[in-house]
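Residue strings, one per chain:
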Amino acid sequence: MSFINRNICKTFNLSLNGTKAALPNQLCSEVVVLPHGGSGATIYDHMNPDVGFTVPNHIEFTFRGLTNANQLSATGNGTLQCRSQYFSFLPEVR
């Protein structure tokens, strides 16, 4: 049986200007965020849009259990670097 790696990763920058902005439309199972500038970023999940998760400046954090990056939105000032991917590692097959 041949192996097909379906892990398509996309990296993008989101400019934050104090208003809530959705992350780009990209299929994935997890999103890694890294805020730069300002005092970090607050990330919101579409299932609970009133409760934010604060990610400090220059700290990397991974949000898992998604089906699309646009299920998250962010506020803050500066730039939010994001990477969408299907999974972060391949388990060893024995």
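Above this text you will find the structure in question.
Everything quoted here is computed from the prediction, not taken from an experiment.

S.K.: What is the right way to look at the environment of leucine 34 in this model?
M.R.: Among the structural elements, leucine 34 can be located in strand E3 (residues 30-36). As a C-alpha pair, leucine 34 and glutamate 60 span 26 residues in sequence and 4.7 Å in three-dimensional space. With residues up to four places along the chain from it excluded, the contact list for leucine 34 reads His58, Ile59, Glu60, Thr79, Leu80 and Gln81.

S.K.: What's the story with the packing of aromatic side chains in this structure? I'm lost.
M.R.: Note on aromatic pairs: each is described by the distance of the centres and the angle between the planes. For the structure on display, the rule yields three aromatic pairs. Each ring, one from phenylalanine 53 and one from phenylalanine 63, has its centre 5.7 Å from the other, and the planes form 90°; the classification is edge-to-face. On the criterion of sequence distance, the pair formed by phenylalanine 53 in strand E5 (residues 48-55) and phenylalanine 63 in strand E6 (residues 61-64) is long-range, its members being ten residues apart. The exposure class of phenylalanine 53 is partly exposed, given its relative accessible area of 38%. Within the aromatic cluster, the residues linked to one another by ring pairs are Phe53, Phe61 and Phe63.

S.K.: So what exactly am I meant to see when it comes to the state of the cysteines here?
M.R.: Structurally, a disulfide amounts to a covalent bond that connects the sulfur atoms of two cysteines. According to the stated counting rule, one finds zero disulfides in the structure shown. Its sulfur unpaired, cysteine 28 is 9.6 Å from the next cysteine sulfur, which belongs to cysteine 9.

S.K.: Is there a simple way to think about the nonpolar core in this case?
M.R.: Inside soluble globular proteins, nonpolar side chains tend to come together where they are buried. Of all hydrophobic cores here, the largest spans 18 residues; its most connected members are Leu23, Val31, Ile43 and Leu80. Of all elements in the fold, only strand E1 (10-17), E3, strand E4 (41-45) and strand E7 (72-85) reach the threshold of two or more residues within this core. Those residues in contact with leucine 80 that lie beyond four places of it in its chain are Phe12, Asn13, Leu14, Leu16, Leu23, Val33, Leu34, Pro35, Ala41, Ile43 and Ala74.

So, how was this worked out
By convention here, each chain's residues receive numbers from 1 onward along its written sequence. Local features in this predicted model are restricted to residues of pLDDT 70 or higher, and side-chain atom pairs are both shown and tallied only at a pLDDT of 80 or more, whereas totals for entire chains, interfaces and linings draw on every residue. As a convention, hydrogens and water are excluded, and side-chain values are obtained from all of the structure's heavy atoms. Note on conventions: DSSP H or I runs of at least 4 residues are helices, E runs of at least 2 residues are strands, and numbering of each starts at the N terminus. Only heavy atoms matter for contacts: two residues are in contact if any of them lie within 4.5 Å across the pair. In this scheme Phe, Tyr and Trp rings, the latter by its six-membered ring, pair at centre separations within 6.5 Å, and the angle between planes marks the pair as stacked below 30 degrees, edge-to-face above 60, and tilted otherwise. Burial status follows relative accessibility: with a 1.4 Å probe on protein chains alone, a residue under 20% of its type maximum counts as buried, one over 50% as exposed, and anything between as partly exposed. Defined by distance alone, a disulfide is two cysteine sulfur atoms within 2.5 Å. Among buried residues, the Ala, Val, Leu, Ile, Met, Phe, Trp, Tyr and Cys ones that are joined through side-chain atoms within 4.5 Å form a nonpolar core.

Treat this as a map of the structure, not an account of what it does.
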